[in-house]
Amino acid sequence: MRIVIALGGNALLQRGETPSAEAQRRNARAAAQAVAEVANEHEVVVTHGNGPQVGLLASQAEADSIHWPLDVVGAESHGMIGYILAQELHNALGHDRIASLLTQTEVDPDDPAFARPEKFIGPVWDESRAHALAEARGWDIARDGDGWRRVVASPEPQKVLGVEAVRTLVDGGSLAICAGGGGVPVARDDEGRLYGIEAVVDKDLTAARLAVELGADWLLMLTDVDGVYWNWGEPDATRLKALLVSAVDPETFPAGSMGPKMEAARRVAEYGACAGIGALEDAAAIVAGQAGTRVLPVGVS
């Protein structure tokens, strides 16, 4: 089978962990072991999150006299994560048929999301500092808890650029790492030329788009919980083991966590593939139907 594996932020950093190179390397090693269990039996394409890394790089950029655009900072994080994952996957799989690609995701510059930027990114500031940066750099900002942070748009992924190159790699027996952090967001001008755009594309929705464009059999979204729960956080919380796509309503799940994953699962299952959500260490077991939450297309049991 052809499986797209979307690694959550815990693939490189645990919640609350200092984003050091050592911590990211240690976590990438564990992620590589989980991916290898699947890749030893199936064709695999890996995508990954980049939220903590973008925040770290954005903090470093704040002190720089040169302001780097968000698309460039995102690309920098993709290269860093792709390098670490490729090296650890090489060590776990014992071969060098692994390619890490810097992938662009095309979005519509007229997407309504640009009129309501809501995606937090970067460090937390006090109110005066946040407003000063917003004024100087043309940013949108919003309150986040006791502080203030930059917010950017999160437009719909329209197309994953370079997908044919990914297909060629996988058809040839290689494992491809691509579309990290949802891919570097780009748009086209009136003449069809690409340019970077200040936005963050949801990584799970890009992974769903990638799975459909590659004709994958599975989209596997791995995170730091063991599945999707009904009544999460309540005494009667129950893990959903499997459900048909016709029963999926992403809006009943939190928008900042499981909502996008359930939406990605819905899109993939409507296309005709299976989707799985669960813990990183359960990757192979989710595909086998022994762990996690599976969202199935109609007609599959």
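What counts, and where the lines are drawn
Residues numbered from 1 in each chain as written. Predicted model: local features only at pLDDT ≥ 70, side-chain atom pairs only at ≥ 80, totals over all residues. Heavy atoms only, no water. Helix = DSSP H or I, 4+ residues; strand = E, 2+ residues; numbered from the N terminus. Rg over C-alpha atoms; globule rule 2.2 N^0.38 Å. Buried < 20%, exposed > 50% of the residue type's maximum accessible area, 1.4 Å probe, protein only. Contact = heavy atoms within 4.5 Å. Areas by Shrake-Rupley, 256 points an atom, 1.4 Å probe, with all protein chains shown as cover. Lys, Arg positive; Asp, Glu negative; His and termini not counted. Charge placed at Lys NZ, Arg CZ, Asp CG, Glu CD. Pairing = 2+ DSSP bridges. Axes fitted to C-alpha atoms, helices over the stretch in contact; angles between N-to-C directions. Salt bridge = Lys/Arg side-chain N within 4 Å of Asp/Glu carboxyl O. 1 Å grid on protein atoms, 1.4 Å probe; cavity = no way out; pocket = protein on both sides within 12 Å on 5 of 7 lines; lining within 4 Å. Points joined across faces, edges and corners; volume = space filled by probe spheres on them. Nonpolar A, V, L, I, M, F, W, Y, C, P; charged D, E, K, R; others polar. Left-handed = near helix turned anticlockwise from the far one by under 90°. Core = buried A, V, L, I, M, F, W, Y, C linked by side-chain atoms within 4.5 Å.

Q: Sorry, what's going on with the overall build of the protein here?
A: Each helix and strand in the protein was counted, giving 8 helices and 17 strands. Relative to the compact-globule value of 19 Å for 301 residues, the protein shows a C-alpha radius of gyration of 19 Å, a close match. When the backbone C-alpha atoms are referred to their principal axes, the protein occupies close to 55 × 45 × 45 Å. Here the protein, with 301 residues, has 50% of them falling under the buried criterion. Across the protein, contacts joining residues at least 24 apart in sequence account for 73% of those joining residues at least 6 apart. Surface summary for the protein: the accessible area is close to 13,900 Å², and the carbon and sulfur share equals 49%. The distance from the centre of the 25 positive side-chain charges to the centre of the 43 negative ones in the protein is 3 Å.

Q: Please explain the sheet that holds strand 1 (residues 2-7) as it appears in this structure.
A: Backbone-to-backbone hydrogen bonds join strands into a sheet, with any given pair of strands oriented parallel or antiparallel. Spatially, the 8 strands line up as an open sheet ordered 3-9-2-1-12-16-17-15, and their pairing is mixed. The open sheet has two edge strands, strand 3 (98-100) and strand 15 (242-244), and neither has a second partner. Neighbour to neighbour, the strand axes of the sheet diverge by 15° on average, direction disregarded. Of the pairings in the sheet, the one linking strand 1 to strand 2 (residues 43-48) comprises 6 bridges and is parallel in character. Paired with R2 across the strands is E43, a residue of strand 2.

Q: Would you take a moment to explain the pattern of salt bridges for this structure?
A: A side chain of one charge can pair with a side chain of the opposite charge if their charged atoms are brought near each other. Applying the stated criterion across every chain, the model contains 16 salt bridges. Across the pair K203 and D204 runs a salt bridge whose closest N-O atoms are separated by 4.0 Å. Where salt bridges share partners, they join E156, E263, R266, R267 and E270 into one cluster.

Q: What am I meant to see in the layout of surface pockets here?
A: Any space left empty among the atoms is revealed by the rolling of a water-sized probe across them. A volume near 150 Å³ is recorded for the second largest pocket. Residue composition of the lining of the second largest pocket, grouped by class: 5 nonpolar, 5 polar and 2 charged.

Q: Just to check I follow, could you spell out the packing of helix 5 (residues 163-171) against helix 6 (residues 203-214) for this structure?
A: Packed helix pairs are characterised by how far apart their axes lie and by the angle those axes make with each other. One way to put it is that helix 5 packs onto helix 6 with a least axis distance of 10 Å and a crossing angle of 60°. Here helix 5 and helix 6 pass one another in a crossing that is right-handed. Across the interface between the two elements, V163, V166 and R167 from helix 5 touch L210, E213 and L214 from helix 6. Looking at the contact of helix 5 with helix 6 residue by residue, the classes come out as 4 nonpolar, no polar and 2 charged.

Q: Where do I start with the sheet that holds strand 11 (residues 194-196) in this structure?
A: Taken in spatial order, the 4 strands line up as 8-4-10-11 in an open sheet, and their pairing is mixed. Each of the sheet's edge strands pairs with one partner strand only, and the pair in question is strand 8 (159-160) and strand 11. Bridge analysis of strand 10 (residues 184-188) against strand 11 gives 3 bridges, and the strand direction is antiparallel. Each residue of the ladder has a partner; that of R188, found in strand 11, is L194.

Q: What should I look at first to understand the nonpolar core in this one?
A: Within soluble globular proteins, side chains that are nonpolar generally end up buried alongside one another. Within the largest apolar cluster, 34 residues are counted, with the highest numbers of intra-cluster contacts made by V4, V45, L210, L219, M262 and V295. Within the residue set of this core, elements represented by two or more residues are strand 1, helix 5, helix 6, strand 12 (218-223), helix 7 (258-271) and strand 16 (274-279). Not counting residues up to four positions away in its chain, the partners in contact with L210 are V4, V45, T47, V160, V163, C178 and A179. Counting residues in each nonpolar core, the second largest holds 33 residues, with L7, L222, L280 and V287 among its members.

Q: Help me understand the pairing of strand 17 (residues 293-296) in this model?
A: In regular strands, side chains alternate between the two faces of the sheet. The two faces of strand 17 match: T293 and V295 on one face and R294 and L296 on the other face are all buried. In this structure, strand 15 lies alongside strand 17, joined through 3 bridges in parallel fashion. Across the sheet, residue L244 finds its bridge partner in strand 17, namely L296. As paired elements, strand 16 and strand 17 share 3 bridges and run antiparallel to each other. Bridged to A275 within strand 17 is V295.

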